[in-house]
Amino acid sequence: MRLIRFILVCIVCALATTVRAQEFEAKININHSQVQGTDASVFDNLKETLEQFFNDRQWTSLQFQKNERIQCVFNITVTKYDQSNDKFTCTAMIQASRPVYNAAYTTLLYNNKDANFDFTFKQFDQITYDDDVVDNQLTALFAYYAYLLLGIDLDTFSPMGGTEVLQACLNLVNNAQNLGFTGWEAFNDDRNRFAIINDYLDEGMKPFRQLQYDYYRKGLDEMVTNVERGRSAISEAITTLLKEAHENKPLMQLPLIWTDYKKDELQSIYKGKGTQKEKEAVYEVLSNINASQSNYWDNIKK
């Protein structure tokens, strides 16, 4: 009886460790309304297979508590499905968020469109991934976003903390060049998968990576206990680090993408709050980087 009890305890502990290790809590939505005359079960099976693969796999040796997992959503739109060769032509919106320390609030870490999210998948296929053998487009896509989102998340908790994981992401991109799918090519598109990770690790973007830590850890996390100190750190990060990154590499898209998905949050941080001098300085930087969101930046000054 004691032996059985001991074995059960070991199994429970092992399962608890496994559950604790996973880094993501992802939801995958597949919109196939543009595809007519196809049994919907293939899309249902794809969703189930991908969620299980992405959420259950341990991508790093790091230990994540359940409340620390990165919340993310993949909104995949299927524009064409060729059943004869199991090919899916898709676009995807990828969004990830991070909890703010000691607050019932999550903040966006990443939100961007992948315009070339194409792959092949045969219903009921079991999918696996190996860093050393990048030979499957579907698993390469999800491994890419696993490493990218993990790296960004780690950067928000310690300065340049995601370097090792981000390097794994870049290595994957280099190994995916021969897959025969669009989106991995070097210098072909300033927003494709290669461009995002290559730019993020560029020496000129180091201020942008430091921004991730200063904005989230020293800014938002601090605002829970001291609003003024947290907002001051955010202002400093924007007017120095974000500005420097944009000036270093004005053609790189990361500062523009960041301001696009942070516009609502930035507006709420400053509208009716902070000193006018602080607000004017933030407004100037944001307007210079992303003039298309002027309505949001105008509200910052109010």
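Before going further, it helps to spend a moment on empty space enclosed by the protein. Tallied over the entire structure, the rule returns 1 cavity of 30 Å³ or more. As a volume, the largest cavity reaches approximately 70 Å³. The wall of the largest cavity is formed by Tyr110, Ile152, Ile196, Tyr200, Phe208, Gln212, Leu254, Ile257, Trp258 and Tyr261. Elements supplying a minimum of two residues to the lining of the largest cavity: helix H5 (193-200), helix H6 (206-223) and helix H8 (254-270). Take the lining of the largest cavity: its biggest share by element is 4 residues, from H8. Here the residues of the lining of the largest cavity are counted per class, giving 9 nonpolar, 1 polar and no charged.

Moving on to the pattern of salt bridges. Here the structure, examined in full by the defined rule, presents 12 salt bridges. Taking the shortest distance from any N to any O, the salt bridge between Asp155 and Arg209 comes out at 2.8 Å. Taken together, the positions of Asp155 in helix H3 (residues 137-157) and Arg209 in helix H6 put the pair 54 residues apart, joining distant regions of the chain. Here Glu265 makes a salt bridge to Lys262, at a shortest N to O gap of 2.8 Å. One end of the pair, Glu265, and the other, Lys262, are both in helix H8, 3 residues apart, so they sit about a helical turn from each other. As far as burial versus exposure is concerned, Glu265 and Lys262 are alike and both buried.

Glancing now at unusual backbone geometry. Trans is the prevailing form of peptide bonds, just as negative phi is the prevailing case for residues other than glycine. Unusually for a residue other than glycine, Asn102 sits at a positive phi of about 60°. Tracing the backbone shows Asn102 in the loop between strand S3 (87-99) and strand S4 (106-114).

Definitions and cut-offs
- Residues numbered from 1 in each chain as written.
- Predicted model: local features only at pLDDT ≥ 70, side-chain atom pairs only at ≥ 80, totals over all residues.
- Heavy atoms only, no water.
- 1 Å grid on protein atoms, 1.4 Å probe; cavity = no way out; pocket = protein on both sides within 12 Å on 5 of 7 lines; lining within 4 Å.
- Points joined across faces, edges and corners; volume = space filled by probe spheres on them.
- Helix = DSSP H or I, 4+ residues; strand = E, 2+ residues; numbered from the N terminus.
- Nonpolar A, V, L, I, M, F, W, Y, C, P; charged D, E, K, R; others polar.
- Salt bridge = Lys/Arg side-chain N within 4 Å of Asp/Glu carboxyl O.
- Buried < 20%, exposed > 50% of the residue type's maximum accessible area, 1.4 Å probe, protein only.

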